[in-house]
Amino acid sequence: MSSYLDDEKAIMQNLIDAGCSNKDIDELMEKLKEGDLMICMKKLADHRVTLLDDLHRHQKCIDCLDYLVYIIEKESGD
C-alpha cells in the first residue's frame, strides 16, 4: 500500500495551495526525500504561524472597517 508521502506531485500541490514559496517547497521536498521529517514538521509549523499572523493582522483591519461602517451608519441614522 502506498503512502501519501510517496506522492510527490500531491505534496507539491498541497504546499503550493498552502502558500509556500518555491524555495520552501524545494527545501521541504528535499528533506522529505532524505527522510528528515522533523525538519519538515518545523518548517511547516513555522509557515503555519506566519499564516496565522497574517490572518490576525487582516482580521484587525476588518474589525477597523466594520467599526467605521458602524459609526457611519449610526450617525447617518440620526
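Structure shown above.
What you see is a predicted model; the values in this text were computed from it and never measured.

1. Some details on the nonpolar core
In terms of nonpolar packing, the biggest core is built from 7 residues, these being Ile11, Leu15, Cys20, Ile25, Leu28, Met29 and Cys40. If you list the elements that add at least two residues to this core, you get α1 (8–17) and α2 (22–34). Excluding residues that lie within four positions of it along the chain, Leu28 makes contacts with Leu15, Cys40, Lys43 and Leu44.

2. Re the packing of aromatic side chains
Enumeration according to the criterion identifies 1 aromatic pair in this entry. Relative to Tyr70, the ring of Tyr67 lies with its centre 6.4 Å away and its plane at 35°, an arrangement referred to as tilted. Note that Tyr67 and Tyr70 are positioned in helix α3 (residues 37–76) at a spacing of 3 residues, about one turn of the helix. You can call Tyr70 partly exposed: its relative accessible area is 45%.

3. Some details on the pattern of salt bridges
Considering all chains together, one arrives at 7 salt bridges under this definition. Two residues, Arg57 and Asp54, come together in a salt bridge whose shortest N-O distance is 2.5 Å. Linking Arg57 with Asp54, this pair stays in helix α3, spanning 3 residues, or about one helical turn.

About the thresholds
- Residues numbered from 1 in each chain as written.
- Predicted model: local features only at pLDDT ≥ 70, side-chain atom pairs only at ≥ 80, totals over all residues.
- Heavy atoms only, no water.
- Core = buried A, V, L, I, M, F, W, Y, C linked by side-chain atoms within 4.5 Å.
- Buried < 20%, exposed > 50% of the residue type's maximum accessible area, 1.4 Å probe, protein only.
- Helix = DSSP H or I, 4+ residues; strand = E, 2+ residues; numbered from the N terminus.
- Contact = heavy atoms within 4.5 Å.
- Phe/Tyr/Trp six-rings, centres within 6.5 Å; stacked < 30°, edge-to-face > 60°.
- Salt bridge = Lys/Arg side-chain N within 4 Å of Asp/Glu carboxyl O.

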